[in-house]
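Fold and geometry: a report
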Amino acid sequence: MLKATLRSFLAHKGRLALSALAVVLSVAFVAGSLIFSDTVTRTFDRLFASTSADVTVEPKQDLKSPVPSGAVQTVPAALKEQVAKVDGVAAAHADVSVQNVVVVDSDNKSVGPTTGAPTIATSWYVTHRSPVKLTSGHAPNGAGEALLDADTADKKHVRIGDTLTVQAQPGTFRVRVVGIATFTTTNPGAALVFLDPAVAARELLGSADRATSISVDAAKGVSDPELKRRVGEAVGTGTYDLKTADEQAKSAAADLGGFLDVIKYVMLGFAGIAVLVGIFLIVNTFSMLIAQRTRELGLLRALGADRRQVRRSVLTEAVLLGVVGSTLGLAAGIGLAFGLIRLMSAFGMNLKATEMVIGWATPVAAYVVGVGVTFVAAYLPARRAAAVSPMAALADAEVAGVGKPLKVRAIVGSVVGAAGAAALAGCATATKTASAASLLGLGVVLTLIATVIAGPLLVRPVIRVLGGAFPALFGSVGRMSQRNALRNPRRTGATAAALMVGLALVGGMSVASASMSASFDRQIDKTLGADFTVQNTNFLPFTKEITDKVRGTEGVRLVVRQRFAPVAVRLPDGKRVETTAAGYDAQVDEVAHVTYAAGNSAAALADGGLGMDVTFARNHHVRLGSTLPVEFPGGRTTEMTVGALTDQGGSGGFGMQGGLFFGIATVQKYVPGGQDAALYVAKAAGTGADQLRSRLERTLKPYPQVQVRDQADYKKLVHDQIAVLLYLVYALLGLAIVIAVLGVVNTLALSVVERTREIGLLRAIGLGRRQLRRMIRLESVVIAVFGAVLGLGLGLVWGVCTQQVLALQGMSALAIPWGTIVGVVIGSAVVGIVAALLPALRASRMNVLAAIAHE
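Some thoughts on unusual backbone geometry
The backbone of N108 shows a phi angle near 60 degrees, a positive value even though the residue is not glycine. As for its position among the elements, N108 is in the loop between β5 (102-104) and β6 (119-123). For H621, which is not glycine, the phi torsion reads 60 degrees and is therefore positive. Within the secondary structure, H621 is located in the loop between α17 (614-619) and β20 (627-631).

And the structure:
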């Protein structure tokens, strides 16, 4: 049996190649994502471990926020002297390092990275842990001198002697580049500007008496944990955060982890789609191969092979396919990881391909996925093969399920479909986002499974409609192509299912993204009353200098500032919620249309006042006039009175979670040193919008990071951000289509082999080569369009239900992108034509007499 299995596998290796390609793709994405993330993690672990001080003393990080306030937390510079006196300290340094700076060249072009990495201005001093070394010029000495890292200098064409303008929180100052520093470790992609230590504290923090942290070197023989304990006793552990080098490295790695997780999950998403679609392809391939080997299997049974041996034979072929596919996929994954590493280098993160990490978990995961997928996919066809009777050797029989009743599928599909429909109905009627999202996920999974199970039941009614015009348009060729698609509903359903999965995904996400865009458009129209909004391109806060320049622009009647502050609120229901609140000037009603369920802006923005979203308030038993304890960074606390409840359609009002907002004076009092995140500008009477825009752009020309946006620009910005998600979905769709095309090609190719004698007889009675090719192409088109109809129908249902979940967050507009849907159907027909090219060409080249004599 083993010899027979190996010979069978080698005899069908051409037919199995396309199935192996599906395994290769899924394994490549799994292996590539693991290798890439392991390489980046190892590289940065080494970087953080080699550059972290033995102990670092930092300001207490009590509240964190995804939205930066612009305030820089500091420690007294004199703390360095106190720490230096601690027994076991070899040296202590006062560090100044800030990321809320913008650096521009003499042409007002930004010198910072465009990839989202920060521009860091820091103090220059050399230790054995420095990530850079001076390679040309000299160290900065006094005001007006700076070093620039070599990578940034090369990319931005900055040379020694050039003048740069640094826009920092205390103010703008100019520096001359006097030297270039080259990274000795991995360059994380940031732009680094180094200043004289005394100058750095004064220019970046506004005072020579402040520092952002204290770096401490341990004396010989003193461990990091012991030094941390001693320093903590001296300075007070409750006042500052103390971290050893190991803890600092772990903290930095955790911050980087979010970025890595995005890449990893995206690639694993591609792997998941490849696995899911590949399962359909492999099931179909093995089902058809077994159908064509009915007589061979029957003969084996007649010669004494029992059911278990036959089943084991087919599963062995599947394992061999999985091993080959996994091996090739692992190699492809290494290539994919190499490509990602080079791509990151293009974006400024200089990783070394020679330091690629291939941990033991990567090949294990590759073979588990590859072999596991093929084994699971081949199990049902293997059971079917074991059921072949020895009498099948004497008859020209198939076990592909042609003509077999679909009662079991109908019952199981109906039950699962009903459960899925009930979950989606529950999602549409749910009133809480968490439960609605859970029901949506359950409904999506169940309806997908139900459609796959019941797909063959839909083949005959749907394809009769889709191919109904074929006989009239293409005559007998059209009729035969339609009947070929109807001949084996199980095969047609499984082939179309691969395409259906991808199109259901894109259909659902297209509806969701179109609805999000329409909802944001409606919300912007409803709430934004300012003529222009001034913001940084990366939404980071900007300096007071920019606010003053905008206020002084001719034609500006009113400027309302927006600032953010991390807060923690103790609510009446006993919960403590950490969120981000927004601060506004008192004239906010003149630039925003706010709907109040209770109270008003004046009460919310008054000293000690607070506003919040009415839904959040209701969920936590907050009422108008409630007094709530509020915590700010640095241990600052106060009690605030709820003066307004906003009803912005569930959008959360102005802020983040809970829509918290108050007067900007409150932010200035409890988060000193904060910066404005946005300016809402209203034009003066007699000033045209275009006229004011040109004046503002002229005013802000020295600040290339700042953008002037009107409502249309704001809408475009939102659409572009949503489009990023949609592009990812389209990429997933592209992968699904590639594998689905392989599935259609495989099905048609095996079908042509299966129908060799039939094709020979058709040619013998006068069917021309062109007519034969047309017949196979039409069969492919109707299968592809069938998959598109099922997928888009399912996707539309998912999309509408997703919109209902979004509606609970205020995105109440439902939009269906009919253009995309029609384009996808047309594209599916093209996919069918492309998939049929090779099988149709092969069929048309058959020798007629050899085909008639084929068994």
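Concerning the side chain of D54
Relative to the assigned elements, D54 resides in the loop between α2 (13-51) and β1 (55-59). Judged by relative accessible area, which is 11%, D54 ranks as buried. The residues touching D54, leaving out its near neighbours within four places in the chain, are R129, V216, D217, A218, D224, L227, K243, T244 and A245.

Quick notes on the packing of helix α13 (residues 470-487) against helix α22 (residues 769-807)
Running from amino to carboxyl end, α13 crosses α22 at an angle of 65 degrees, the nearest separation of the two axes being 8 Å. Classified by the angle their axes make, α13 and α22 are roughly perpendicular. In terms of crossing hand, the pair formed by α13 and α22 is right-handed. Residue-level contacts link F470, F474, V477, G478, M480, S481, N484 and A485 of α13 to Q771, R774, M775, L778, E779, V782 and I783 of α22. The residue inventory of the contact of α13 with α22, partitioned by class, reads nine nonpolar, four polar and two charged.

Some words on the side chain of S780
One can find S780 in helix α22. Take S780: its relative accessible area is 0%, and that puts it in the buried class. Other than its neighbours up to four places away in sequence, S780 contacts V744, L748, G832, I833, A835 and A836.

With respect to the pattern of salt bridges
Going through the model one piece at a time under the given rule, you end up with 25 salt bridges. The partner of K60 in a salt bridge is D241, and the shortest N-O contact between them spans 3.5 Å. Of the two residues, K60 is situated in the loop between β1 and β2 (75-76) and D241 in strand β14 (residues 240-244); the sequence distance between them amounts to 181 residues. According to the relative accessible area criterion, K60 is partly exposed, its value standing at 33%. Overall, D241 belongs to the buried group, its relative accessible area being 17%. A network of salt bridges, in which partner residues are shared, links D87, E226, R229, R230 and E233.

Some points on the sheet that holds β14
Read across the sheet, four strands follow the order β3-β13-β1-β14 without closing on themselves; strand pairing throughout is antiparallel. Sheet topology places β3 (89-95) and β14 at the edges, where each strand pairs with a single neighbour. Averaged over all pairs of adjacent strands, the angle between their axes in this sheet comes to 20 degrees, without regard to strand direction. Across three bridges, the pairing between β1 and strand β13 (residues 213-218) is antiparallel. Among the inter-strand pairings, T56 is bridged to a residue of β13, identified as S215. Across the face of the sheet, helix α6 (residues 224-235) comes into contact with β1, β3, β13 and β14 while running at roughly 165 degrees to β14.

Quick notes on the state of the cysteines
A full pass over the atoms with the stated rule returns zero disulfides. C801 takes part in no disulfide bond, and the closest cysteine sulfur to it belongs to C427, at a distance of 5.1 Å. Assessed through its relative accessible area of 8%, C801 is described here as buried.

With respect to the confidence of the model for the protein
For the protein, per-residue confidence averages 84 on the pLDDT scale, and residues scoring 70 or more make up 93% of the total. In the model of the protein, helix α1 (residues 2-11) stands out as the element of lowest mean pLDDT, 71, in contrast to β20, which has the highest, 94. Considering only residues more than four positions removed or in separate chains, one finds that residues 397-403, a stretch of pLDDT under 50, has 17 contacts.

Considerations on helix α5 (residues 197-205)
Within α5, the full set of buried residues consists of V199, A200, A201, L204 and L205. On its buried side, α5 packs onto β4 (97-98), β6, β10 (172-183), β11 (191-195) and β12 (210-211). The N-cap of α5, judged by a side-chain oxygen 3.2 Å from the amide nitrogen of A198 a few residues on, is D196. After α5 finishes, the residue G206 shows a positive phi value of roughly 85 degrees.

Some thoughts on the environment of G832
Assignment of secondary structure puts G832 in helix α23 (residues 818-844). Between the C-alpha atoms of G832 and S601, which are 231 residues apart in sequence, the distance is 60 Å. In this structure, G832 is in contact with S780, V781 and A784, ignoring residues within four places of it in sequence.

Thoughts on the packing of aromatic side chains
All told, the structure shown has four aromatic pairs when counted by the stated rule. Considering the side-chain rings of W124 and F194, the 5.2 Å spacing of their centres and the 80 degrees angle between planes classify their relative orientation as edge-to-face. Here W124 is found in the loop between β6 and β7 (132-137), whereas its partner F194 is found in strand β11, with 70 residues between them in sequence. Across the pair, F194 and W124 agree in class, each one buried. An aromatic cluster is defined as three or more aromatic residues linked by ring pairs; in this entry it consists of F632, F662 and Y670.

Topic: the environment of H593
Tracing the sequence through the fold places H593 in the loop between β17 (576-584) and β18 (596-599). A C-alpha to C-alpha distance of 6.6 Å links H593 and K526, two positions 67 residues apart in sequence. Not counting residues within four places of it along the chain, the set of residues in contact with H593 comprises D525, K526, T527, L528, G529 and Q648.

The rules behind the values
Residues numbered from 1 in each chain as written. Predicted model: local features only at pLDDT ≥ 70, side-chain atom pairs only at ≥ 80, totals over all residues. Heavy atoms only, no water. Helix = DSSP H or I, 4+ residues; strand = E, 2+ residues; numbered from the N terminus. Buried < 20%, exposed > 50% of the residue type's maximum accessible area, 1.4 Å probe, protein only. Contact = heavy atoms within 4.5 Å. Axes fitted to C-alpha atoms, helices over the stretch in contact; angles between N-to-C directions. Parallel < 35°, antiparallel > 145°, perpendicular 65-115°, else oblique. Left-handed = near helix turned anticlockwise from the far one by under 90°. Nonpolar A, V, L, I, M, F, W, Y, C, P; charged D, E, K, R; others polar. Salt bridge = Lys/Arg side-chain N within 4 Å of Asp/Glu carboxyl O. Pairing = 2+ DSSP bridges. Disulfide = S-S within 2.5 Å. pLDDT = per-residue confidence, 0-100. Polar contact = N/O pair within 3.5 Å; in protein donor to acceptor, adjacent residues only side chain to side chain. Phe/Tyr/Trp six-rings, centres within 6.5 Å; stacked < 30°, edge-to-face > 60°.

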